[in-house]
Amino acid sequence: MTNLTIPQHGWPDEYVQRYRQAGHWQGETFGALLRSRAEQHPDRIAVVGGSKNLTYAQLDEHASAIAAGLLAQGFQAGDRIVVHLPNIPEFITVVFGLFRAGIIPLYALPAHRITEIEHFAKSGGATGYLCAAEHGGFNYLGLATTLQERCPDVEHVIVIGDATDRYTSLQDIEAAGANTDVLATASSAQDIAFLQISGGSTGLSKLIPRTHDDYIYTLRESARICELDGDSVLLCALPMAHNFPMSSPGFLGTLYAGGRVVLSLSPSPEACFELIKREKVTQCSLVPPLLMLWLDAAERSKPNLSSLRVIQVGGAKLIPEVAQRVRPTLGVTLQQVFGMAEGLVNYTRLGDDAETIIETQGRPISPDDELLIVDDDGQAVADGQAGHLLTRGPYTIRGYYNNPAANQRSFTEDGYYRTGDIVKLTPDGYLVVQGRAGDHINRAGEKISAEEIENHLLANPAVFDAAVVSVPDTYLGERSCAFIIPRNEKPRAVELKKWMRERGIADFKVPDQIIFVDTFSETAVGKISRKTLRAQLRAQLDTTQQNS
Ligand code: OOB
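Keep in mind that what you see is a predicted model, and the values were worked out from it rather than measured.

K.L.:
Outline the overall build of the protein, supporting the account with residue identities and numerical values.
P.N.:
In terms of helices and strands, the protein carries 19 helices and 27 strands. Compactness check: the protein gives a C-alpha radius of gyration of 23 Å against a globular reference of 24 Å for 548 residues, within 12% of the reference. The principal-axis extents of the C-alpha atoms in the protein amount to approximately 70 × 60 × 60 Å. Burial analysis of the protein (548 residues in total) assigns 57% to the buried set. Within the protein, counting contacts between residues at least 6 apart in sequence, those at least 24 apart form 68% of the total. Counting only carbon and sulfur atoms, one obtains 49% of the accessible surface of the protein, whose full area is about 22,100 Å².

Below is the structure:
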């Protein structure tokens, strides 16, 4: 292996040249992309959400006004704003406004709470926080107040809804920037367009810098592979801050193709079946647990889904038994997607044979995606054998944002990203995901770091020690189980869960199950690694369940 130093982000020069020459990176920015679509078909509807419809021309106008308004407010190109929004049309106008001003959105999920947002704001060096006043019964303005107390660098809070005495409304920002044409001012295609969050195994989330060039390449190819065009109507049912519904092919891939994006605040079959019928939806992306809900609901209620052609399923392993039900029950083509916010995305192709679609998680987007499958010692495995997946390529990051320690762990010296996934390759070059090497819980597609949850639990005075493991779950795929050694008297599990929620963490991270134990194992605790300990506890759980 050569001894290249890992850049913070960005590719070594020789790769930049290679990806440009291959035509993957075309030097286009998001600001310019939207302008070109607005010129091509100004009156076509781009976004439908709630009772709002926006044409491409309106989307373009909103983006310019937001960009100009934010620059007038004092933001500068290169600044970071945490964007904390549910699936509403403003998500799209805001991010294109930020792209145009060269301001970098840092995407948070609606489920995130103060602990996560504080971490994102600090690690991203954010100076702004943008939220909906209220959503799903949660008051985001209360969170904003605490955030500003804890992170004084977050000078600006922008709210969608009415302005308050403390906070500016998005409407006022837009009014200030109205009729000002801002087109891709300061950003170049090589710059960071936005920051995604990682669902990694160790500790807190890391920030993933994606450039205009690399991300727009995935949009162009995803739109082609998923056969999107101007007549496509994509339903966005998963939280749109996730990489999967954003770009595989996602709402950005759909806008790239000049199609229409329909937003749903809820992924429930009831809400979505209605929208599919009303808006004549042609494509939608789901995680496996939601697909199962949709399949069961469709069998019961026989909805009219005649416009729907393709469902992408990814984020967690889809078992063949469920995959098999898709065509007979929903009358659509299944497309499996195995991807990661760090980059690499694999798709089964729409014309693949049934066995490939049901049994594999697809093949890479790009001929320049390089895959290595290695054993525990880093040696290539024999053809067809399972091993750790390492990858590099024209849209896989070379490093996390401002995080040299994580980069040391997560990237090889020659720039391969260690995905943490165990996979095997079929003779046709398709990947079959076997599992994960790292200690995280993939709960319905949301990745939860065991270490992060253990650290929360350890902060409770009643907890002496804690180890969190994943448990197979029929619907969620995996659920979380915390083994806890109490300090003195055993606390009540429900109290502990309530306490965790009150610390302000995303609800999906609160352990599904808590088991109190006197000791973790016969082996002296402290002498074995957390990884081994978790493996032992998981095995213990398997035996208990088999015996019960
Ligand atoms: C997607 O992105 P992330 O960053 O939330 O999670 C990535 C991880 C992968 O490393 C893998 O462990 C797991 O999620 N995963 C799958 C999978 N798709 C993702 N595991 C098994 N089968 C699959 N089909 O989850 C993501 C990003 C872009 C497109 C699709 C998913």
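K.L.:
Run through the packing of helix 2 (residues 30–40) against helix 4 (residues 89–101), naming residues and quoting values.
P.N.:
The description of two packed helices rests on the angle between their axes and on the distance between the axes. Two numbers describe how helix 2 lies on helix 4: the axes approach to 7 Å, and their chain directions differ by 120°. Here helix 2 lies oblique to helix 4, going by the angle between them. Here Phe30, Gly31, Leu34 and Arg35 of helix 2 come into contact with helix 4, specifically with Phe96, Phe99 and Arg100. Here the residues of the contact of helix 2 with helix 4 are counted per class, giving 4 nonpolar, 1 polar and 2 charged.

K.L.:
Can you explain the sheet that holds strand 15 (residues 310–314)? Please cite residues and give values.
P.N.:
Taken together, 9 strands build an open sheet; the order of strands is 2-1-13-12-14-15-16-17-18 and the sheet is mixed. The two strands at the open ends of the sheet, each matched to only one other strand, are strand 2 (52–55) and strand 18 (363–364). Sheet topology places strand 16 (residues 333–340) next to strand 17 (residues 343–347); 4 bridges connect them, and they run antiparallel. Residue pairing across strands places Phe338 opposite Asn346, the latter belonging to strand 17. Sheet strands touched by helix 12 (residues 288–301): strand 12 (233–236), strand 14 (283–286) and strand 15. Its angle to strand 14, the strand with the most contacts, is close to 120°.

K.L.:
Describe a negative patch on the surface, listing the residues and the values that go with them.
P.N.:
Together, Glu321, Asp353, Glu355, Glu359 and Asp428 make up a region of like negative charge exposed at the surface. By secondary structure assignment, the location of Asp428 is in the loop between strand 21 (417–425) and strand 22 (431–436). Accessibility expressed as a relative area gives 62% for Asp428, which makes it exposed.

K.L.:
Break down the pairing of strand 11 (residues 207–211) for me, with residues and values.
P.N.:
By the criterion of burial, strand 11 is predominantly enclosed, with 5 of the 5 residues buried. Both faces of strand 11 are covered, namely the face carrying Leu207, Pro209 and Thr211 and the face carrying Ile208 and Arg210. With 5 bridges joining them, strand 10 (residues 192–197) and strand 11 adopt antiparallel strand pairing. Paired with Ile192 across the two strands is Thr211, which belongs to strand 11.

K.L.:
Can you explain the packing of helix 2 against helix 3 (residues 56–73)? Please cite residues and give values.
P.N.:
Taken N-terminus to C-terminus, the directions of helix 2 and helix 3 make an angle of 145°; their axes are 8 Å apart at the nearest point. Here helix 2 runs over helix 3; the crossing is left-handed. In this structure, helix 2 contributes Leu34, Arg35, Arg37 and Ala38 to the contact, and helix 3 contributes Tyr56, Ala57, Leu59, Asp60, Ala63 and Ser64. Here the residues of the contact of helix 2 with helix 3 are counted per class, giving 6 nonpolar, 1 polar and 3 charged.

K.L.:
Run through the pattern of salt bridges, naming residues and quoting values.
P.N.:
Applying the stated criterion to the full structure yields 23 salt bridges. The shortest N-O distance in the salt bridge between Arg210 and Asp214 comes to 2.9 Å. In this structure, Asp473 and Arg479 form a salt bridge, with 3.1 Å as the shortest nitrogen-oxygen distance. One connected set of salt bridges, linked through shared partners, spans Asp439, Glu454, Arg534 and Arg538.

K.L.:
How would you explain the packing of aromatic side chains if you had to name every residue and give the values?
P.N.:
All chains considered together, the criterion is met by 17 aromatic pairs. An angle of 80° between the planes, with centres 5.9 Å apart, marks the rings of Phe91 and Phe251 as edge-to-face. Taken together, the residues Phe91 in helix 4 and Phe251 in helix 10 (residues 250–256) connect sequence positions 160 residues apart. Here the aromatic rings of Phe194 and Tyr215 are separated by 4.6 Å at their centres, their planes lie at 85°, and the arrangement is edge-to-face. Placement of the pair is Phe194 in strand 10 and Tyr215 in helix 8 (residues 212–225), with a sequence separation of 21 residues. Pair check on accessibility: Phe194 and Tyr215 agree, each one buried. Aromatic rings pair up to connect Phe30, Phe91, Phe96, Phe99, Tyr107, Phe194, Tyr215 and Phe251 into one cluster. In this structure, Arg113 packs its charged tip against the face of Phe138, placed 3.6 Å from the ring centre.

K.L.:
Please set out helix 6 (residues 140–150) residue by residue, giving values where relevant.
P.N.:
Within helix 6 the residues assigned to the buried category are Tyr140, Leu141, Leu143, Ala144, Leu147 and Gln148. With its buried residues spanning 150° around the axis, helix 6 presents them on a single face. Summarising the contacts, the buried residues of helix 6 are in contact with strand 3 (80–84), helix 5 (114–124), strand 5 (128–132), strand 6 (134–135), strand 7 (138–139) and strand 8 (156–160). The opening residue of helix 6 is Asn139, an N-cap whose side-chain oxygen sits 2.9 Å from the backbone nitrogen of Leu141.

Calculation criteria
Per chain, residue numbering runs from 1 following the sequence as it is written. Local features in this predicted model are restricted to residues of pLDDT 70 or higher, and side-chain atom pairs are both shown and tallied only at a pLDDT of 80 or more, whereas totals for entire chains, interfaces and linings draw on every residue. Only hydrogens and water are removed before side-chain values are computed, so all heavy atoms of the structure are retained for them. Helix and strand assignments come from DSSP, with helices taken as H or I runs of at least 4 residues and strands as E runs of at least 2, each series counted from the N terminus. We take the radius of gyration over the C-alpha atoms and set the globule estimate at 2.2 Å times the residue count to the 0.38 power. Type-normalised accessible area, obtained with a 1.4 Å probe on protein chains alone, sets the label of each residue: buried when under 20%, exposed when over 50%, and partly exposed for intermediate values. Whether two residues touch is decided by their heavy atoms; if any such pair falls within 4.5 Å, the residues are in contact. For the area figures, the Shrake-Rupley method with a 1.4 Å probe applies, and any residue is considered shielded solely by the protein chains shown. For helices, the fitted axis covers only the stretch in contact; all axes are lines through C-alpha atoms, and the angles between them, taken along N-to-C directions, range from 0 to 180 degrees. Note on terminology: angles under 35 degrees are roughly parallel, angles over 145 are roughly antiparallel, angles of 65 to 115 are roughly perpendicular, and the others are oblique. Residue type decides the class: Asp, Glu, Lys and Arg count as charged, Ala, Val, Leu, Ile, Met, Phe, Trp, Tyr, Cys and Pro as nonpolar, and the leftover types, Gly among them, as polar. For two strands to pair, DSSP has to find at least two bridges joining them. Only residues above 30% relative accessible area that lack a salt bridge enter a patch, with like-charged residues linked at up to 9 Å and the nonpolar side chains Val, Leu, Ile, Met, Phe, Trp and Tyr linked at up to 5 Å. Just to be clear on terms, a salt bridge is a Lys or Arg side-chain nitrogen sitting within 4 Å of an Asp or Glu carboxyl oxygen. Note on charges: Lys and Arg go in the positive column, Asp and Glu in the negative column, and His and the chain ends are not counted at all. A charged residue contributes its charge at one atom only: NZ of Lys, CZ of Arg, CG of Asp or CD of Glu. Definitions for this section: a left-handed crossing has its near helix turned counterclockwise from the far helix by less than a right angle. A right-handed crossing has that turn clockwise. In this scheme Phe, Tyr and Trp rings, the latter by its six-membered ring, pair at centre separations within 6.5 Å, and the angle between planes marks the pair as stacked below 30 degrees, edge-to-face above 60, and tilted otherwise. Note on geometry: a ring has a charge over it if NZ (lysine) or CZ (arginine) is within 6 Å of the ring centre and within 35 degrees of the ring normal. In this description, one arc is meant: the one made by directions from the helix axis to the C-beta atoms. Within 3.5 Å is the distance limit for a polar contact, defined as a pair of N or O atoms, with the added protein rule that one can donate a hydrogen and the other accept it, and that residues adjacent in sequence qualify only through two side-chain atoms.

What is shown is where atoms sit, not what they do.
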